[in-house]
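# Topology and contacts: notes
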Amino acid sequence: MYRSITCGELRKEDIDKKVTLAGWVSKIRRMGAMTFVDLRDRYGITQLVFASNHPELEKQVDQLGRECVLQATGIVRERSSKNSRIPTGDIEIEVTECCLLNSSETPPFTIEEVSDGGDELRMKYRYLDLRREPVKRNIELRHRMALITRNYLDSLNFLEIETPMLIKSTPEGARDFVVPSRMNQGEFYALPQSPQTFKQLLMVAGMDRYFQIVKCFRDEDLRADRQPEFTQIDCEMSFVEQEDVLKVFEGLAVELFSKIRNVSISTPFRRMSWHEAMSKYGSDKPDIRFGMEINEITTLCQGKGMSLMDAAPYVGAIVVPQASEYTRKQIDALTDFVKRPQVGAKGLVWIKYNTDGTFKSSIDKFFSQEDLQAIALETKAVAGDLLLVLMGEREATQKQLGTLRLHMGDELQLKDPNRFECLWVVDFPLLEWDEDTQRFYAMHHPFTSPKKEDIALLDTDPKSVRANAYDMVINGVEVGGGSIRIHDANLQHKMFEVLGFTPEKAEEQFGFLMNAFKYGAPPHGGVAFGLDRWVAIMAGLDSIRDCIAFPKNNAGRDVMIDAPSKLDQEQLDELNILVKPIQ
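As the structure is a computational prediction, the values presented were derived from the model and not from experiment. (Residues numbered from 1 in each chain as written. Predicted model: local features only at pLDDT ≥ 70, side-chain atom pairs only at ≥ 80, totals over all residues. Heavy atoms only, no water.)

### Considerations on the pairing of strand β13 (residues 314-320)
The element β13 is largely enclosed, with a buried count of seven among its seven residues. In this structure, strand β12 (residues 295-296) lies alongside β13, joined through two bridges in antiparallel fashion. If you follow Asn295 over to β13, its bridge partner there is Ala317. (Buried < 20%, exposed > 50% of the residue type's maximum accessible area, 1.4 Å probe, protein only. Helix = DSSP H or I, 4+ residues; strand = E, 2+ residues; numbered from the N terminus. Pairing = 2+ DSSP bridges.)

Right, dumping it as C-alpha cells:
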C-alpha cells in the first residue's frame with residue numbers, strides 16, 4: 001500500500017495515528033537537528049519532520065530534492081508552529097520510515113502559487129504547471145461544473161448522446177480542420193465545428209432532449225477566449241419556443257452560480273435586443289455591471305461649422321462619471337487608445353463639465369456654452385463629468401465607443417469581479433451582407449429560424465429579417481448561444497436560396513438533413529455553451545487557457561508535444577497528399 005491517507009486530509013483529531021503518505025516534495029527546510037519537508041499531492045500539503053536521531057532517515061533525506069516522489073510513514077503530531085494558511089496546518093508527521101519512489105531533475109520553474117515561469121515555459125512543461133495549486137483548482141472547478149451540468153440536465157430528462165467526430169466539411173462559418181481518408185483517396189473528413197446537424201437529426205429521431213459535453217474544432221485566429229479545439233455544452237430540445245429554452249438554461253446558470261460561487265442569481269434574466277445592445281453599448285455582448293451607456297448626439301453636433309462632425313453620419317458620446325479633472329496627459333492617452341488599429345477611430349473629442357457648471361472642450365472654437373449644455377442635457381451628464389465623443393459610420397463608431405467604454409470601465413475599476421450580471425441578447429439580424437462576395441451570410445448558421453412575423457421579408461428586405469436567436473451574456477462575455485431551428489423543409493430551402501445556394505449545392509451539402517425533414521421534423525431549438533469560457537468566468541480568469549488541461553498557445557501550437565508537425569513522406573504517400581515546398 002503506497003498510502004493510507006492523502007496529504008490534504010489530516011487534522012487535529014488524527015494526532016497519534018500512524019499513517020503513510022505519498023506525494024511530491026514541495027519544499028525542504030533544514031533547521032539544525034531537524035529537517036522539514038512539505039509533501040504535496042492533489043489533495044493538499046502535509047509537513048513531514050525528520051529528526052537527526054534517525055541516522056538511516058537522515059541519509060535518505062540527503063537524497064531528496066524538489067519534486068522527487070516520496071513515500072513516508074510516521075506518527076501524526078501537533079505542530080508547535082501552526083500554519084493557518086493550509087487545512088493541515090495544525091499537524092505534522094514525525095517520520096519513522098521513508099522511501100524515495102522516484103528522483104526528479106530540478107524543475108524549470110517554481111511549482112508554487114505564483115510561479116517564476118512565463119506562459120510559454122509553463123505550457124512546454126504543462127504536466128509540471130498542473131501541479132501548481134491555482135491551475136489544479138481550475139481543473140477541479142471544470143470537473144465540478146461539468147458534473148453539475150450533467151446532473152441538472154439529467155434531472156430534466158435530457159439524454160447524453162455522442163455524435164461523430166469525423167464528419168463532412170461545409171464552407172459556411174469558420175474554417176474546418178480537415179482529415180484525409182486513406183481508404184477513400186482524395187476525400188476528406190472534417191472535424192466538427194459543432195454537432196449542429198446531428199442534434200437536429202436526433203430531434204427528428206424523437207430523442208426529444210439531447211445534450212453532450214463535446215469537443216469542437218475551428219481553424220480560426222486565436223485570442224484569449226478562443227482555442228482551435230474547445231468544449232461545448234451542446235443541447236437541443238423538441239416542441240419548444242424561445243422562452244422554453246431560455247427558462248431551462250437560466251435554471252442551469254442559477255444552479256452553477258449557486259453551487260460553484262454560492263451566489264444567488266435572479267431570474268428571469270434581462271432580455272435585450274441586438275439593436276439596443278449595439279446602440280447603447282456598442283457590443284452584442286454588453287457588460288452591464290456599470291452604466292456609461294452610449295448616447296447619440298448627431299443632430300446636436302451638426303451645423304456648427306466643424307467639418308468632420310458635419311460630414312459624419314453618426315456622432316456618439318459616453319459620459320465618464322466625475323472625471324472632469326482628467327489631465328491633458330490622461331486625455332491624450334485616451335486619444336492614443338482610440339487611434340490604435342484595434343479600435344480604429346480617427347480621433348477623440350472631449351467635453352469637460354466642470355464642477356462650477358461651466359464647460360471646457362476640444363471643440364470650443366465651434367460650440368458655445370449653450371451648445372455644450374444641450375449636449376449635457378441630452379446625455380444626462382452632471383457637473384464633474386467628462387464626455388468622450390466619437391464620430392463616423394454608425395456601426396463602426398458604436399463599436400469604437402463600446403471598446404472605449406470597456407476601457408474606461410477597467411481604468412475606473414467599475415467591473416466588480418464578484419458581481420455577476422446575466423442577460424439574453426435576442427432578435428439578432430438573421431443575415432449579414434458581405435461586400436466582397438456580394439451575398440448574404442447567416443449571422444449564426446443557415447438552420448436558424450427567422451422570426452415568424454419577418455418571414456415575408458425574406459423576399460423583399462432580407463437585411464431586416466430578425467433571427468429567432470439568443471445569446472447568454474455574463475459580465476460582457478458571451479458564454480453561449482442558440483436559436484429556434486427551421487423545421488419546415490420549404491422554409492429551409494428558401495433560406496438556402498437567400499444565402500445563394502443553388503438547389504444542387506444545397507442538396508450536395510445538406511441533402512441528408514432535408515431528406516430527414518420529409519419524415520416529420522418537430523419544432524425544435526437549442527443552445528451551446530462554451531464550457532471553457534464559463535469556467536474562466538467562475539474562476540475569475542481573463543484567459544481560458546488556464547482552465548484547459550493541455551491548451552494551445554496563441555499560434556495554435558502545442559509547445560509541449562510540438563504539434564502540429566510534419567508527416568513522414570511514407571505517410572503522405574499513403575494518403576496521396578503532395579506537400580508543396582514553402583516559398
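Having seen the model, we can carry on.
### A look at the UniProt feature "binding site: L-aspartate" (unreviewed entry) in the protein
On the UniProt side, "binding site: L-aspartate" (unreviewed entry) is annotated at positions that read Glu172, Arg218, His444 and Arg485 here. The topology assignment puts His444 in the loop between β19 (439-442) and α13 (457-460). Take His444: its relative accessible area is 30%, and that puts it in the partly exposed class. Excluding its chain neighbours within four sequence positions, the residues that come into contact with His444 are Phe428, Ala469 and Asp471. (UniProt positions renumbered as here; feature names shortened; annotations may be inferred. Contact = heavy atoms within 4.5 Å.)

### A look at the UniProt feature "binding site: ATP" (unreviewed entry) in the protein
UniProt annotation of "binding site: ATP" (unreviewed entry) refers to Arg218, Asp219, Glu220, Gln227, Glu478, Gly530, Leu531, Asp532 and Arg533 when read in the numbering used here. Within the secondary structure layout, Glu220 lies in the loop between β9 (209-217) and β10 (229-238). Apart from the residues lying within four places of it in its own chain, the contact partners of Glu220 are Ala174 and Arg226. On the basis of relative accessible area, Leu531 is assigned to the buried category, the value being 3%. With residues up to four places along the chain from it excluded, the contact list for Leu531 reads Arg142, Ile213, Thr231 and Ile233.

### So, the packing of aromatic side chains
Inspection of the entire model under this criterion finds 13 aromatic pairs. With centroids separated by 6.1 Å and ring planes inclined at 70°, the aromatic side chains of Phe158 and Phe249 adopt a geometry described as edge-to-face. Linking Phe158 in the loop between α4 (133-155) and β6 (159-160) with Phe249 in helix α6 (residues 242-261), this pair joins segments that are 91 residues apart in sequence. When sorted by exposure, Phe158 lands in the same class as Phe249, which is buried. Here the aromatic rings of Tyr353 and Phe359 are separated by 4.4 Å at their centres, their planes lie at 25°, and the arrangement is stacked. Taking relative accessible area as the criterion, Tyr353 reaches 11% and is therefore assigned buried. Overall, the relative accessible area of 6% leaves Phe359 in the buried class. Taken together through their ring pairs, the aromatic side chains of Phe158, Phe249, Phe529 and Trp534 make up a single cluster. For the cation-ring pair, Lys352 lies above Trp350, with the distance from its terminal atom to the ring centre recorded as 5.6 Å. (Phe/Tyr/Trp six-rings, centres within 6.5 Å; stacked < 30°, edge-to-face > 60°. Lys NZ or Arg CZ within 6 Å of the ring centre and 35° of its normal.)

### What to know about helix α10 (residues 328-339)
Look at α10: 16 Å from first C-alpha to last across twelve residues, which is about the 16 Å you get at 1.5 Å a residue. Those residues of α10 lying buried are Ile331, Leu334, Thr335, Phe337 and Val338. Seen from one end, α10 has its buried residues packed into an arc of 160°, which puts them on one side. Along α10, the residues that are exposed and aim more than 90 degrees away from the buried face are Lys329 and Asp336. On the buried face of α10, the contacting elements are β14 (349-353), β16 (386-392) and α12 (394-411). (Expected span 1.5 Å × (residues − 1). Arc of directions from axis to C-beta.)

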